[in-house]
Amino acid sequence: MQTQYEKFKEQLIELTHLSSATSLLHWDLETYMPKGGAQMRGKTISVLSALVHEKFTSPEFEKQITELNNARNAGLLDTEMGCVVREVWRDYSKAKKLPKEFVAELSQLTSDAHHVWVDARAKSDFSLFLPTLKKIVELSRRKAEYYGYEGSPYNALLDDFEQDTTIDDIAPLFEEVKEFLVGFVAQVTRDPRFRGDDKNGNRDDKVNMFAGDFDPEKQKEFCHELLRHIGFPFERGRLDETAHPFTVGFHSSDVRILTRYDRDNLFFSVGSTIHEAGHGFYDLGLSEDHFGTPLGESLSIGIHESQSRLWENHVGKSRAFWTPLYPRLQAVF
């Protein structure tokens, strides 16, 4: 079984490299690619995504994963191999339900949607993005139907991000947060200290010490300095600009984080840079030895987000964190 498993692992690594190429095209799409290239780029990503799907659900791969999964069920695999096979079997079983043409269509649509959204956002005109959003929702519903589900169709989609989680698990959490937040927000908005009222009780947004005119180039300089301060390894990662912050990790030796600079709000870029660094640190810490297998991937979106929120909120908003940094912030601005 060891020899068969190693051959299977080689297939997984090949698929991961192909997926990394697709992710790199997405990264370029949202950073440096000229706007005019969007349609062709969407087509390229669509073709690659369909190719990965085709190889992952091919009869040859099906034979490999079926034999290994049978061996797992018979107790013939060690813990590590059994874990990898279990998780890949789970992903394969879901992918097998999606037609190749559907995968290509969804990939093309979501790739094309990016520049439509960026344009609508810049013009503050939701109607420009609405037709595309409706198509995305339509395809998402089709995806849920292909998967199959119990209860809400969103359960099928939620499972892609948090395994075995349903809206019945999530809804009580939202209710708990809502119960606190509604009253808390009302309390804050009534308090003149938080509203930024002047001495006469009139609203004065200038009281906000973080509002003003902050040169984006200086923000970029400070955010790079901020990352160096918290130990982000630029020999294995980089910081770039995009319309909406995100992080993409191709390998633990190549992680890209992206932020956005708001001229009127310095702490948008500062907060998002620290947040994305949290995602980046997680990806930088993934096992190189298990690259290409589930043991070399993040556990879930929720766990990933816990790392970004840990850095952004618990570290990045603490007095101890800013004590050495604030004089430098003042000097730059």
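Scoring rules and cut-offs
Residues numbered from 1 in each chain as written. Predicted model: local features only at pLDDT ≥ 70, side-chain atom pairs only at ≥ 80, totals over all residues. Heavy atoms only, no water. Helix = DSSP H or I, 4+ residues; strand = E, 2+ residues; numbered from the N terminus. Contact = heavy atoms within 4.5 Å. Pairing = 2+ DSSP bridges. Axes fitted to C-alpha atoms, helices over the stretch in contact; angles between N-to-C directions. Core = buried A, V, L, I, M, F, W, Y, C linked by side-chain atoms within 4.5 Å. Buried < 20%, exposed > 50% of the residue type's maximum accessible area, 1.4 Å probe, protein only. Phe/Tyr/Trp six-rings, centres within 6.5 Å; stacked < 30°, edge-to-face > 60°. Lys NZ or Arg CZ within 6 Å of the ring centre and 35° of its normal. Parallel < 35°, antiparallel > 145°, perpendicular 65-115°, else oblique. Left-handed = near helix turned anticlockwise from the far one by under 90°. Nonpolar A, V, L, I, M, F, W, Y, C, P; charged D, E, K, R; others polar. pLDDT = per-residue confidence, 0-100. Expected span 1.5 Å × (residues − 1). Bend = angle between axes of the 7 residues up to and from the residue. Polar contact = N/O pair within 3.5 Å; in protein donor to acceptor, adjacent residues only side chain to side chain.

Draft legend 1. Spatial organisation of the environment of Ser-111. Relative to the helices and strands, Ser-111 is located in helix α5 (residues 100-123). The spatial distance from the C-alpha of Ser-111 to the C-alpha of Ala-38 is 7.8 Å, given a sequence separation of 73 residues. Residues in contact with Ser-111, not counting those within four places in the same chain, are His-26, Leu-29, Gly-42 and Ile-45.

Draft legend 2. Structural detail: the sheet that holds strand β2 (residues 246-251). On the basis of which strands lie adjacent, the open sheet formed by three strands has the order β1-β3-β2 and mixed pairing. Edge positions in the open sheet fall to β1 (237-241) and β2, since each of these has one partner strand only. Averaged over all neighbouring strand pairs, the angle between strand axes comes to 20°, with direction disregarded. Contacts from helix α1 (residues 2-29) reach β1, β2 and β3 (254-259), with the element oriented near 150° to β2.

Draft legend 3. The nonpolar core, seen in detail. In this structure, Leu-227, Val-270, Phe-321 and Trp-322 are the most contacted members of the largest nonpolar core, which totals 21 residues. For this core, the elements supplying multiple residues, two or more each, are α10 (216-229), β3, α11 (266-284) and α13 (319-332). Apart from the residues within four sequence positions on either side, Phe-321 is in contact with Leu-226, His-229, Ile-230, Ile-274, Val-315 and Gly-316. Tyr-5, Ala-71, Val-85 and Val-88 belong to the second largest nonpolar core, which has 17 residues in total.

Draft legend 4. Spotlight on the packing of aromatic side chains. A complete count under the given rule lists 17 aromatic pairs for this structure. Consider the rings of Phe-321 and Trp-322, whose centres lie 5.6 Å apart with planes at 90°: the pair is edge-to-face. For the pair Phe-321 and Trp-322, a shared accessibility class is recorded, and that class is buried. Among the aromatic residues, those joined into a cluster by ring pairs are Tyr-5, Phe-8, Phe-56, Phe-61, Trp-89 and Tyr-92. Note that Arg-256 overlies the ring of Trp-27, its terminal NZ or CZ placed 4.5 Å from the centroid. In this arrangement the basic side chain of Arg-260 is found over the ring face of Phe-268, its NZ or CZ atom lying 4.0 Å from the centre.

Draft legend 5. Expanded view of the packing of helix α2 (residues 38-56) against α5. Axis separation between α2 and α5 bottoms out at 8 Å; the angle between their running directions is 150°. Considering the angle they form, α2 stands roughly antiparallel to α5. Where α2 crosses over α5, the two elements pack in a sense that is right-handed. Within the contact between the two elements, α2 uses Ala-38, Gln-39, Gly-42, Lys-43, Ile-45, Ser-46, Ser-49, Ala-50, His-53 and Glu-54 and α5 uses Lys-100, Val-103, Ala-104, Ser-107, Gln-108, Ser-111, Asp-112 and His-115. Looking at side-chain class alone, the contact of α2 with α5 contains five nonpolar, nine polar and four charged residues.

Draft legend 6. Molecular detail of the confidence of the model for the chain. The predicted model of the chain averages 93 in pLDDT, with 94% of residues at 70 or higher. Ranking the helices and strands of the chain by mean pLDDT puts helix α6 (residues 130-147) first, with 98, and helix α9 (residues 192-195) last, with 66.

Draft legend 7. Spotlight on helix α12 (residues 301-315). End to end, α12 covers 20 Å across 15 residues, agreeing with the expected 21 Å (1.5 Å per residue, within 8%). Along α12, the sharpest kink reaches roughly 30°, centred on Arg-309. Residues His-304, Ser-308 and Glu-312 constitute the buried set of α12. At its buried positions, α12 is contacted by α11. Looking at where α12 begins, the residue whose side-chain oxygen comes 3.3 Å from the main-chain nitrogen of Gly-302 is Ser-300.

Draft legend 8. Examining α2 more closely. In a regular helix each residue adds 1.5 Å, so 19 residues correspond to 27 Å; α2 covers 27 Å between its end C-alpha atoms and thus fits that length. Among the residues making up α2, those that are buried are Ala-38, Arg-41, Gly-42, Ile-45, Ser-46, Leu-48, Ser-49, Ala-50, Val-52, His-53 and Phe-56. As for α2, its buried residues are in contact with α1, α3 (59-73), α4 (79-95) and α5.

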